[in-house]
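# Summary of the model geometry
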Amino acid sequence: MELIVVSDTRLKVVLSPEDMALFRLAPETMEEGDEENREAFAHLFREIRRISGFDATEARVLVQVWRDRLGGCELYITILSSQKGGAGKGEREMRRLRCLYSFDSFDRLTAACRVLLSRAYHAPSDAYRGEDGRWYLVLEEDGDGADIGPLSVLNEYGSRHPVTVLTLLSEHGKLVSRGEAVSRLAGLV
């Protein structure tokens, strides 16, 4: 499965025939609104949220499907509102967003965690060691995804990356800490 974030409300998903089988999506019936397809899409949306942070699980969405000749497909998922009931644009803009930072060394990572902890950061966080030798920190922030805000101080310690890098990292990196990486790593010297 390949995920490409088009915007904060739109995601392109490329599914191979193997992915289609894994999520129990049949190309010839996937556009039908039956219970089996709804459950298959719910499973797919949960996996997308786990990998990339793009959360369409509780939203009203538009799904556009383009099937390929080999049995896979491309999906464009557009969030129409942040809740199934139809919340407005202002509410959608202030949801929690995932962001990703990389650091050249473990010392820079732990220093960044200490700064975050001193600023009372307590949201979920994960840490990875990439195949490239860099350290990665996945964080959540309130806001519209702008690069300014409480986490912008991390630019002094590392580099911010698009959340789509998390897909590659989750497949090829090593998870070091899940859920409370900031508080766990801040105490290490």
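Here the structure is shown first, and the text comes after it.
Reference entry: report on the structure contained in this document. Keep in mind it's a predicted model, so treat the numbers as computed, not measured.

## Structural notes on unusual backbone geometry
Residues other than glycine seldom take positive phi values, yet Arg24 does so here, at roughly 55°. In this structure, Arg24 sits in the loop between α1 (17-22) and α2 (35-52).

## Structural notes on the packing of aromatic side chains
Evaluation of the coordinates by the stated rule reveals three aromatic pairs. Considering the side-chain rings of Phe41 and Phe45, the 6.1 Å spacing of their centres and the 55° angle between planes classify their relative orientation as tilted. Placement of the pair is Phe41 and Phe45 together in helix α2, with a separation of four residues, close to one helical turn. Taken individually, Phe41 and Phe45 each receive the classification buried, so the pair is uniform in this respect.

## Thoughts on the nonpolar core
In this structure, Val13, Leu15, Leu25, Leu44 and Ile48 are the most contacted members of the largest nonpolar core, which totals 20 residues. Mapped by element, the contributors of at least two residues to this core are β2 (10-15), α2 and β4 (73-81). Here the element with the most residues in this core is α2; it accounts for six residues.

## Points about the environment of Arg38
Mapping Arg38 onto the fold places it in helix α2. Accessibility expressed as a relative area gives 48% for Arg38, which makes it partly exposed.

## Here we look at helix α5 (residues 165-172)
Within α5, the full set of buried residues consists of Leu166, Thr167 and Leu169. Buried residues in α5, looked at end-on, bunch into an arc of 165°, giving them a common side. Facing away from the buried side of α5 by over 90 degrees, the exposed positions are Leu168 and Glu171.

## What to know about the side chain of Asp19
Examined against the element boundaries, Asp19 turns out to sit in helix α1. For the buried Asp19, which has no salt bridge, the nearest side chain bearing the opposite charge is Arg50, at an N-O separation of 11 Å. Sequence-distant contacts of Asp19, defined by excluding residues within four places in its chain, comprise Met1 and Val14.

## Side note on the side chain of Ser177
Tracing the chain through its elements places Ser177 in strand β9 (residues 174-177). There is a polar contact of 3.1 Å between the side chain of Ser177 and the side chain of Arg184. Excluding its chain neighbours within four sequence positions, the residues that come into contact with Ser177 are Ser125, Asp126, Ala127 and Arg184.

## Considering the sheet that holds β4
Overall, antiparallel pairing links the four strands, which are arranged β1-β2-β4-β3 in an open sheet. Each edge of the open sheet is held by one strand with a lone partner, namely β1 (2-7) and β3 (60-67). Going from strand to strand, the sheet's axes swing by 20° on average, the running direction of each strand aside. The sheet contact formed by β2 and β4 spans six bridges and is antiparallel. Within β4, the position partnered with Leu15 by the bridge is Cys73. Against the sheet, α2 makes contact with β1, β2, β3 and β4, and its axis sits at roughly 85° relative to β4, the strand it touches most.

Thresholds, definitions, all that
Numbering of residues starts from 1 in every chain and runs along the sequence as written. With pLDDT at 70 or above as the cut-off, local features in this predicted model cover only qualifying residues; side-chain atom pairs require 80 or more to be listed or tallied, and sums for whole chains, interfaces and linings still use all residues. Processing note: side-chain calculations cover all non-hydrogen atoms of the structure and skip hydrogens and water entirely. Secondary structure elements follow DSSP: runs of H or I of four or more residues count as helices, runs of E of two or more count as strands, with numbering from the N terminus. Think of it this way: a Phe, Tyr or Trp ring, Trp meaning its six-membered ring, pairs with another when their centres are within 6.5 Å, and the plane angle makes it stacked under 30 degrees, edge-to-face over 60, tilted otherwise. The buried label goes to any residue with under 20% of its type's maximum accessible area, the exposed label to any with over 50%, and the partly exposed label to all in between, with areas taken from a 1.4 Å probe on protein chains only. The nonpolar core is taken to be a set of buried Ala, Val, Leu, Ile, Met, Phe, Trp, Tyr and Cys residues, with the residues joined through side-chain atoms within 4.5 Å. Picture the helix axis, draw a direction to every C-beta atom, and the arc is the one those directions span. For this count, His and the chain ends are skipped, Lys and Arg are scored as positive, and Asp and Glu as negative. In what follows, salt bridge is the name for a side-chain nitrogen of Lys or Arg lying within 4 Å of a carboxyl oxygen of Asp or Glu. Should any heavy atoms of two residues lie within 4.5 Å, those residues are considered in contact. In protein, a polar contact requires one atom able to donate a hydrogen and another able to accept it; more generally it is a pair of N or O atoms within 3.5 Å, and residues adjacent in sequence count only if both atoms are side-chain atoms. The rule for pairing is simple: two strands pair if DSSP sees at least two bridges between them. To obtain an axis, a line is fitted to C-alpha atoms, over the contacting stretch when the element is a helix, and the angle between two such axes runs from 0 to 180 degrees between their N-to-C directions.

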